[in-house]
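Below, each chain spelled out in residue letters.
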Amino acid sequence: MKKIILTGDRPTGKLHVGHYVGSLKRRVELQNSGEYDDVFIMIADAQALTDNADNPEKVRQNIIEVALDYLSCGLDPEKATMFIQSQVPELTELSFYYMNLVTVSRLQRNPTVKSEIQMRNFEASIPVGFFTYPISQASDITAFKATTVPVGEDQLPMIEQTREIVHKFNTVYGETLVEPQVLLPDNKACLRLPGIDGKAKMSKSLNNCIYLSDSPEDVRKKVMSMFTDPNHLRVEDPGQVEGNPVFIYLDAFCKDEHFERYLPEYENLDALKAHYTRGGLGDVKVKKFLNKVLQEELEPIRQRRKQWEQDIPAVYKILEEGSKKAEAVAARTLAEVKRAMKINYFEDRELIEAQAKKYREGQSHA
Ligand code: TRP
């Protein structure tokens, strides 16, 4: 069986370092591994509209931001098909058929939908499109027969729901769709990077993100203002590394070689953590080190972004061509789905002949 990747992001803002360690970095590695027959990366504008119906301009403006972030992280249009969800109408058609295989109560139990409804204060009036977006996500994944979906932990319930839809479809209509596997980041710290304020998640509305496109000075300022252990008041005080955002970021980003380059008095992160825990190590020193580590990782991304920013029409062209390629693949799957469901009337010779026979015989009895 072919090995195929599909994943994507909603274009509601620029991508941040949480996206990077949680998914983007891995995608680039997967793309370059040569292990996959196809890699599809989708800008999920239709999904973004499910909770931004009154603000389509926000979605429209952010498509290029996400595409620039993709390209600057090293996604390569030669190796990965980048496309825009709404430009592949087959996805919507698939969703309409999958809707028959999912119950309202199952959607109500989806933990991601549940928490998002709370976050958006949608309890009283949930848009139907928003409520059913897990079904649309199943279409995104199955249309490409994706075997592997690299995402952050928050997307687990979506993949579970997709697997159920695939199972149900194949049981009712015969083996047609492929059950995908989720691929989570292998580093625990990368599962969910906290905001610079220590809140559980980076979010644009909380203004606690470090963006991939931030200038070196912005990154430095954000790192120096990061929340740390609130009880670590004086340098001599023992500090806590668990749950301390500065150390979580170091867990996610730093390698032993960074110590050689920027902080040679420590052998590795364990040694730095031990000193912090013991007391005698100030936050500023740790933050300065984190800043150097982050700058090193982000600089090549910034440079590539600057280059692509010089040729925006070329970026749209990449998305246009990607969308055409994606549509061709999705159309093939949709045709198989319709055949399995027996709603392919005009190519169904048997049906036409059986009906013809029935009416011929009907007439001969008359
Ligand atoms: N729900 C994802 C997000 O919020 C975006 C997305 C849409 C997606 N369709 C997908 C991710 C299919 C993986 C597979 O970022």
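Parameters at a glance
- Residues numbered from 1 in each chain as written.
- Predicted model: local features only at pLDDT ≥ 70, side-chain atom pairs only at ≥ 80, totals over all residues.
- Heavy atoms only, no water.
- Buried < 20%, exposed > 50% of the residue type's maximum accessible area, 1.4 Å probe, protein only.
- Helix = DSSP H or I, 4+ residues; strand = E, 2+ residues; numbered from the N terminus.
- Pairing = 2+ DSSP bridges.
- Right-handed = clockwise from strand over helix to strand, strands pointing away.
- Patch = residues over 30% accessible without salt bridge, like charges linked within 9 Å, V, L, I, M, F, W, Y side chains within 5 Å.
- Areas by Shrake-Rupley, 256 points an atom, 1.4 Å probe, with all protein chains shown as cover.
- Salt bridge = Lys/Arg side-chain N within 4 Å of Asp/Glu carboxyl O.
- Phe/Tyr/Trp six-rings, centres within 6.5 Å; stacked < 30°, edge-to-face > 60°.
- Lys NZ or Arg CZ within 6 Å of the ring centre and 35° of its normal.
- Near = heavy atom within 4 Å.
- Polar contact = N/O pair within 3.5 Å; in protein donor to acceptor, adjacent residues only side chain to side chain.
- Contact = heavy atoms within 4.5 Å.
- Arc of directions from axis to C-beta.
- Lys, Arg positive; Asp, Glu negative; His and termini not counted.
- Charge placed at Lys NZ, Arg CZ, Asp CG, Glu CD.

Undergrad: Mind showing me how you'd approach the pairing of strand β1 (residues 4–9) here?
TA: The side chains of a regular strand alternate, first on one face of the sheet and then on the other. Across the 6 residues that make up β1, a large majority, 5, are buried. Two elements, β1 and strand β2 (residues 38–43), share 6 bridges in a ladder whose sense is parallel. Within β2, the position partnered with I4 by the bridge is D38. Read as a crossover between parallel neighbours, the route from β1 over helix α1 (residues 17–33) to β2 is right-handed.

Undergrad: What is the right way to look at a nonpolar patch on the surface in this model?
TA: On the surface, a nonpolar cluster with roughly 430 Å² of combined accessible area is contributed by Y345, F346, L351 and I352. Inspection of the secondary structure assignment puts L351 in helix α17 (residues 349–365). According to the relative accessible area criterion, L351 is partly exposed, its value standing at 30%.

Undergrad: Teacher, can you tell me more about the packing of aromatic side chains here?
TA: Two numbers describe a pair of aromatic rings. These are the distance of the centres and the angle of the planes. In total, this model carries 10 aromatic pairs according to the counting rule given. Between Y98 and F169 the ring centres are 6.2 Å apart and the planes differ by 75°, which places this aromatic pair in the edge-to-face class. With Y98 in helix α4 (residues 90–98) and F169 in helix α9 (residues 156–173), the pair connects residues that are 71 residues apart, well separated along the chain. Judged on exposure class, the residue Y98 and its partner F169 are both buried. On the numbers, 4.6 Å between centres and 40° between planes, the contact of F259 with F289 is tilted. Of the two residues, F259 is situated in helix α13 (residues 256–262) and F289 in helix α15 (residues 283–309); the sequence distance between them amounts to 30 residues. Residue class for F289 comes out buried when judged on its relative accessible area of 2%. Through successive ring pairs, a cluster of aromatic residues spans F40, F83 and F144. Stacked on the ring of Y36, the Lys or Arg K3 has its end atom at 4.9 Å from the ring centre.

Undergrad: Just to check I follow, could you spell out the site of the ligand for this structure?
TA: Taken together, 14 residues form the shell around the ligand, and within it R10, Q47, Q137, D140 and Q155 come nearest. Separating an oxygen atom of the ligand from a side-chain N or O atom of R10 is a distance of 3.2 Å. With respect to the ligand, the side chain of D140 contributes an N or O atom lying 2.7 Å from a nitrogen atom. Relative to its unbound accessible surface of 370 Å², the ligand loses 91% to contact with the protein. For the shell around the ligand, the elements supplying multiple residues, two or more each, are β1 and α8 (133–143).

Undergrad: I tried to follow the side chain of D237 on my own but got confused; where do I start?
TA: By the element assignment, D237 lies in the loop between α11 (216–224) and α12 (245–253). Overall, D237 belongs to the buried group, its relative accessible area being 13%. Excluding residues that lie within four positions of it along the chain, D237 makes contacts with N231, H232, Y276, G279 and G280.

Undergrad: Is there a simple way to explain helix α14 (residues 269–278) in this structure?
TA: In an α-helix, one full turn covers 3.6 residues, which means residues spaced three or four apart are oriented alike. Restricting attention to buried positions, one finds in α14 the residues L269, L272, K273, H275 and Y276. All buried residues of α14 fall inside an arc of 160° around its axis, so they share one side. Within α14, the exposed residues directed more than 90 degrees away from the buried face are D270 and R278. Buried positions along α14 lie against α12, α13 and α15. Looking one or two residues beyond α14, the residue adopting positive phi is G279, at roughly 105°.

Undergrad: Sorry, what's going on with the environment of K306 here?
TA: Summarising the element assignment, K306 is placed in helix α15. Spatially, the C-alpha atom of K306 lies 26 Å from that of Q85, the residues being 221 residues apart in sequence.

Undergrad: Would you mind showing me how to read the pattern of salt bridges here?
TA: Side-chain pairing between opposite charges can occur once the charged atoms of the two side chains come close. Applying the stated criterion to the full structure yields 28 salt bridges. With a closest N to O distance of 3.9 Å, K201 and D154 form a salt bridge. Taken together, the residues K201 in the loop between α10 (188–191) and α11 and D154 in the loop between β4 (148–150) and α9 connect sequence positions 47 residues apart. Assessed through its relative accessible area of 38%, K201 is described here as partly exposed. Its relative accessible area of 27% is what places D154 among the partly exposed residues. Connected through shared salt-bridge partners, E65, D69, R305 and E309 make up one network.

Undergrad: Help me out: how do you make sense of a negative patch on the surface in this one?
TA: A cluster of acidic side chains, namely D256, E260, E267 and D270, defines a negative patch on the protein surface. The residue D270 is located in helix α14 in this model.

Undergrad: Whenever I open this one, the environment of P245 confuses me. Can you help?
TA: Looking at the element boundaries, P245 is found in helix α12. Of the residues examined, P245 reaches a relative accessible area of 1% and is grouped as buried. Sequence-wise, P245 and T103 are 142 residues apart; in three dimensions their C-alpha atoms are separated by 40 Å. Setting aside chain neighbours within four positions, we find P245 in contact with P194, G195, G198, M226, F227 and T228.

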